[in-house]
Amino acid sequence: MDLEAQLAPFAARSAASRGRRFDEPAPPTRTEFQRDRDRIIHSTAFRRLEYKTQVFVNHEGDLFRTRLTHSIEVAQIARSIARNLRLNEDLVEAISLAHDLGHTPFGHAGQEALNDCMKDFGGFEHNLQSLRVVDELEEHYGAFDGLNLTFETREGILKHCSLPNARRLGDVGRRFIEKKQPSLEAQLANLADEIAYNNHDIDDGLRSGLITTAQLDEVGFYARHRHEVGQAFPGINGRRAIHETIRRMINALAMDLIQASMERIGSHAPQNVDEVRDAPPLIAFSEQMSHDALQLKRFLRANLYQHYQVNRMTSKARRIVRELFSAFMAEPRLLPPDYQVTEGAPQRQARKVSDYIAGMTDRYAMREHRRLFMVGEN
Ligand code: MG
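Visitor: Would you take a moment to explain the pattern of salt bridges for this structure?
Guide: Side chains that differ in charge, positive against negative, can pair when their charged atoms come close. Applying the stated criterion to the full structure yields 31 salt bridges. As a salt-bridge pair, Glu93 and Arg37 come within 2.8 Å of each other at their nearest N and O atoms. Of this pair, Glu93 sits in helix α4 (residues 89-98) while Arg37 sits in helix α1 (residues 32-41), and the two are 56 residues apart along the sequence. The two residues Glu93 and Arg37 agree in class, both being buried. A salt bridge links Asp355 to Arg132, with the shortest nitrogen-to-oxygen separation between them at 2.6 Å. Linking Asp355 in helix α17 (residues 346-358) with Arg132 in helix α6 (residues 126-137), this pair joins segments that are 223 residues apart in sequence. Taking the relative accessible area as the measure of exposure, Asp355 reaches 7% and is therefore buried. Sharing partners across several salt bridges, the network here consists of Arg30, Arg37, Asp38, Arg79, Arg83, Glu89, Asp90 and Glu93.

Okay, structure coming up:
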């Protein structure tokens, strides 16, 4: 049975996949991309997403998003859009669930600090690390390191990449050198990520009290939908009003993305994935919606991501990552044996330390920091 018979000609298909790094027989009851998705869900890095955060640190409250719930929201948004565009839902789900696997503890603060520590050793990029997790770091299978995912899922995970890294990566990095596009599924997962985090950061921001609805009323896109909610439910307020507003915003963004992408796909009329790769990006918001989304992002940057209470957390997070890195590099014997490099250039040891730190959850990094620096902790 062809499980992908309903897909559009420009969708990715298992039968046309560029394959896995290590050949394996096709799965008898699933598509290749379903298998990728299943392997991601069973990975160790996926479970750790539960205790990693984006803006708030995991222990700050039980109601905030974690990277796990974020990834599930991204997958939900991406799949429902994919079905409308007749794209491959399994591929878009696999990419969405894996897109944050390489994130350090403490969100962007952790990633910047680790990149800084690694500047003499090849740097640290979280997209590249996500790929490294699925290609090399997961220890699940007898025949190979990593999860041995298809080219298409790996390509989707590698959202950005510097040119030197692209050259080093071979096939999966080639599109950055040739300036081509990835599959429509990869393009879609990327924008679904944006829809998810812009909206849930507003929700979490309000819940934390760091931003207020009065501030948000200054943002046109929010204000329009909040007004609609008031019309539909006179007198509504509190959490219920916020949720009604946010669900309308997510819906508006998704509908716009479907509509604008359909128009672009229609005018370029790609007949297969290769033609998708040669075309300009075809999954995109309309100009008006790009403008609205940008306004929302600017608001969050100015009012939430730079809020002094968030700055305090990011400053601590940077310090923890920097101090862990220096301590391990100065004394590799403090590392678990698997991470100690006994021979070779310091680059190798640095990469191991970076893998160790990047794999930590927020709370594990804090605990490890205490264990290393506080007398009386073990
Ligand atoms: Mg994300």
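Visitor: Which parts of the structure should I look at to understand α4?
Guide: What sets the pattern is the α-helix's 3.6 residues per turn: residues three or four places apart point alike. Counting buried residues along α4, 10 of its 10 residues qualify, which places the element largely inside the surrounding structure. The inward-facing, buried residues of α4 contact α1, α2 (44-48), α3 (67-85), α6, α7 (151-157) and α10 (184-208). At the N-terminal boundary of α4, the capping side chain belongs to Asn88, with an oxygen 3.1 Å from the backbone nitrogen of Asp90.

Visitor: I tried to follow the side chain of Glu368 on my own but got confused; where do I start?
Guide: Within the fold, Glu368 resides in helix α18 (residues 362-373). Judged by relative accessible area, which is 8%, Glu368 ranks as buried. Here Tyr356 takes part through its side chain, which lies 2.8 Å from a polar atom of the side chain of Glu368. Ignoring sequence-local partners within four residues, the contact set of Glu368 consists of Leu324, Phe328, Tyr356 and Met360.

Visitor: Which parts of the structure should I look at to understand the packing of helix α12 (residues 220-232) against helix α13 (residues 238-268)?
Guide: Angle between the axes and distance between the axes are the two parameters that describe a pair of packed helices. Interhelical geometry of α12 versus α13 gives an angle of 120° and a closest axis separation of 9 Å. Considering the angle they form, α12 stands oblique to α13. Crossing handedness for the pair α12 and α13: right-handed. On α13, the residues that touch Phe221, Tyr222, His225, Arg226, Glu228, Val229 and Ala232 of α12 are Ala241, Ile242, Glu244, Thr245, Arg248, Met249, Ala252 and Leu253.

Visitor: For this particular structure, what's the right way to read the coordination of the magnesium ion?
Guide: Metal coordination angles in their ideal form are 109.5 degrees for the four-donor tetrahedron and 90 or 180 degrees for the six-donor octahedron. Only His70 (NE2), His99 (NE2) and Asp193 (OD) from the protein reach the magnesium ion as donors, at distances of 2.1 to 2.4 Å. Sequence positions of the donors to the magnesium ion reduce to the motif H-x28-H-x93-D. Taken as a pair, His99 in the loop between α4 and α5 (107-117) and Asp193 in helix α10 lie far apart in primary sequence, 94 residues in all. We note that His99, like Asp193, is buried.

Visitor: What's the story with the packing of aromatic side chains in this structure? I'm lost.
Guide: Evaluation of the coordinates by the stated rule reveals 4 aromatic pairs. Summarising the aromatic geometry, the rings of Phe22 and Phe144 are spaced 5.9 Å apart at their centres and angled 10° between planes, so their arrangement reads as stacked. One end of the pair, Phe22, is in the segment before α1; the other, Phe144, is in the loop between α6 and α7, and 122 residues separate them in sequence. You can call Phe22 partly exposed: its relative accessible area is 40%.

Visitor: Help me understand the domain arrangement of the protein chain, please; the structure alone is not making it clear to me.
Guide: A common way to express how large an interface is: the accessible area buried when the components associate. Partitioning the protein chain into domains gives domain 1 (18-23 + 30-309) and domain 2 (310-373). A separation of 26 Å is found between the C-alpha centroids of domain 1 and domain 2. Carbon and sulfur atoms supply 64% of the area that domain 1 and domain 2 bury against each other, a total of about 2700 Å² over both sides. A per-residue breakdown of the area domain 1 buries against domain 2 is headed by Tyr51, Phe106 and Phe121, which together make up 23% of the total. The interface formed by domain 1 and domain 2 contains 1 salt bridge. Run the count over domain 1 and domain 2 and you get 18 residue pairs in polar contact (both at pLDDT 80 or more). Mapped onto the side of domain 1 that touches domain 2, the elements with two or more residues apiece are α5, α6, α15 (287-305) and α16 (308-330). The leading source of residues in the side of domain 1 that touches domain 2 is α5, at 5 residues. Split into classes, the residues belonging to the side of domain 1 that touches domain 2 amount to 18 nonpolar, 13 polar and 5 charged.

Visitor: Is there a simple way to think about unusual backbone geometry in this case?
Guide: Of note in this structure, Arg86 is not a glycine but carries a positive phi near 55°. Relative to the helices and strands, Arg86 resides in the loop between α3 and α4. Its identity is not glycine, yet Asn148 carries a phi of approximately 50°, on the positive side. Here Asn148 lies in the loop between α6 and α7. Since its relative accessible area comes to 3%, Asn148 is described here as buried.

Parameters at a glance
- Residues numbered from 1 in each chain as written.
- Predicted model: local features only at pLDDT ≥ 70, side-chain atom pairs only at ≥ 80, totals over all residues.
- Heavy atoms only, no water.
- Salt bridge = Lys/Arg side-chain N within 4 Å of Asp/Glu carboxyl O.
- Helix = DSSP H or I, 4+ residues; strand = E, 2+ residues; numbered from the N terminus.
- Buried < 20%, exposed > 50% of the residue type's maximum accessible area, 1.4 Å probe, protein only.
- Contact = heavy atoms within 4.5 Å.
- Polar contact = N/O pair within 3.5 Å; in protein donor to acceptor, adjacent residues only side chain to side chain.
- Axes fitted to C-alpha atoms, helices over the stretch in contact; angles between N-to-C directions.
- Parallel < 35°, antiparallel > 145°, perpendicular 65-115°, else oblique.
- Left-handed = near helix turned anticlockwise from the far one by under 90°.
- Donors = N, O, S within 2.8 Å, 3.2 Å for Na, K, Ca; no water.
- Phe/Tyr/Trp six-rings, centres within 6.5 Å; stacked < 30°, edge-to-face > 60°.
- Domains from an automatic or database assignment.
- Buried area = accessible area lost by both parts, 1.4 Å probe.
- Nonpolar A, V, L, I, M, F, W, Y, C, P; charged D, E, K, R; others polar.

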